[in-house]
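Spelled out from the first residue to the last, the chains are:
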Amino acid sequence: MVKFIEGGLDASGLKVGIVVSRFNTSITEHLLNGAINELVSHGADENAIEVIRVPGAFEIPMAAKKICSRDKDVIICLGAVIRGGTPHFDYVATETASGVASVARDADIPVMFGVLTTDNIKQAEDRSGGKFGNKGAETALAAIEMATLFKKLQPLT
Ligand code: INI
């Protein structure tokens with residue numbers, strides 16, 4: 001008999017760290033609110049959610065790495081990198097994504113990527129509570145699934 005192991009969507013009892021950047025704050029605050037609402041609506045206790053603010057997306061991976069040791073079940077990274085007229089966007093977007101991926105590979109808990117990388121502010125608005133939903137909420141939902149999955153994947157004793 002094949003055994004399937006999956007996470008669920010019950011966030012009760014989960015300890016959640018959220019790292020959110022302030023750059024493009026009108027977007028990132030919507031991502032943050034979307035994530036918190038999603039967690040709480042799935043049973044998370046507000047007192048078990050810790051929000052760490054950093055200046056920009058580039059700083060997200062370093063803060064995420066730092067809070068891995070702060071008794072968390074999952075970390076959610078939220079930010080908004082929006083293309084300007086220079087190659088700066090590409091460096092920040094690439095380093096943020098690969099930085100979060102690197103932290104995730106080394107961590108014993110799931111580290112989730114809710115960083116928007118868009119060509120303009122309109123695309124970011126559409127994905128932070130606009131016509132294409134809220135990436136913060138989506139990432140929080142995936143975080144609940146991964147955190148509850150990881151609890152089932154503890155080594156057998
Ligand atoms: N940071 C962002 O979060 N989004 C951006 O769009 C952005 N742009 O385009 O410059 C950005 N830059 C700042 C960067 O993340 C760092 O905070 C900064 O370079 C200091 O290390």
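Procedures and definitions
Residues numbered from 1 in each chain as written. Predicted model: local features only at pLDDT ≥ 70, side-chain atom pairs only at ≥ 80, totals over all residues. Heavy atoms only, no water. Near = heavy atom within 4 Å. Polar contact = N/O pair within 3.5 Å; in protein donor to acceptor, adjacent residues only side chain to side chain. Areas by Shrake-Rupley, 256 points an atom, 1.4 Å probe, with all protein chains shown as cover. Helix = DSSP H or I, 4+ residues; strand = E, 2+ residues; numbered from the N terminus. Pairing = 2+ DSSP bridges. Axes fitted to C-alpha atoms, helices over the stretch in contact; angles between N-to-C directions. Contact = heavy atoms within 4.5 Å. Buried < 20%, exposed > 50% of the residue type's maximum accessible area, 1.4 Å probe, protein only. Parallel < 35°, antiparallel > 145°, perpendicular 65-115°, else oblique. Left-handed = near helix turned anticlockwise from the far one by under 90°. Nonpolar A, V, L, I, M, F, W, Y, C, P; charged D, E, K, R; others polar.

1. Points about the site of the ligand
- Every residue near the ligand is listed here: Phe23, Asn24, Gly56, Ala57, Phe58, Glu59, Ala80, Val81, Ile82, His88 and Val92.
- In the environment of the ligand, a nitrogen atom lies 2.8 Å from a nitrogen or oxygen atom belonging to the backbone of alanine 80.
- In isolation the ligand exposes 460 Å². Once the protein is present, 75% of that is buried.
- Elements with a contribution of two residues or more to the shell around the ligand: strand E3 (74–82) and helix H3 (88–106).
- With 3 residues, E3 is the single largest residue contributor to the shell around the ligand.

2. Quick notes on the sheet that holds strand E4 (residues 111–118)
- The sheet built from 4 strands is open, its strands ordered E2-E1-E3-E4 with parallel pairing. The open sheet terminates on both sides in strands that have one partner only, identified here as strand E2 (49–54) and E4. Each adjacent strand pair in this sheet contributes to an overall mean axis angle of 15°, direction not counted.
- Pairing of strand E1 (residues 16–21) with E3, which is carried by 5 bridges, proceeds in the parallel orientation. In the sheet register, valine 19 faces E3, and the bridge partner there is cysteine 77.
- Helix H1 (residues 25–41) contacts E1, E2, E3 and E4 of the sheet and is inclined by roughly 155° relative to E3.
- Of the strands in this sheet, E3 and E4 touch helix H5 (residues 135–152), which is tilted by about 160° from E4.

3. Focus on the pairing of E3
- For E3, the buried fraction is high: 8 of the 9 residues fall into the buried class.
- The sheet contact formed by E3 and E4 spans 8 bridges and is parallel. When the sheet's bridge partners are listed, leucine 78 is paired in E4 with glycine 114.

4. Some points on the side chain of aspartate 73
- Tracing the backbone shows aspartate 73 in the loop between helix H2 (60–67) and E3.
- One polar contact links aspartate 73 to lysine 151, side chain to side chain, over a distance of 3.1 Å.

5. As for unusual backbone geometry
- Non-glycine residue asparagine 24 carries a positive phi angle of around 60°.
- With respect to the helices and strands, the residue asparagine 24 is situated in the loop between E1 and H1.
- Even without being glycine, aspartate 71 reaches a positive phi, approximately 50°.
- Relative to the elements of secondary structure, aspartate 71 occurs in the loop between H2 and E3.

6. Focus: the packing of H2 against H3
- Look at H2 against H3: their axes get within 8 Å of each other, and the N-to-C directions meet at 15°. Considered as vectors, H2 and H3 are oriented roughly parallel to each other. Every pair of crossing elements has a handedness; the one defined by H2 and H3 is right-handed. On H3, the residues that touch Ile60, Pro61, Ala64 and Lys65 of H2 are Glu95, Thr96, Gly99, Val100 and Val103.
- Class assignment of the residues belonging to the contact of H2 with H3 gives a composition of 5 nonpolar, 2 polar and 2 charged.

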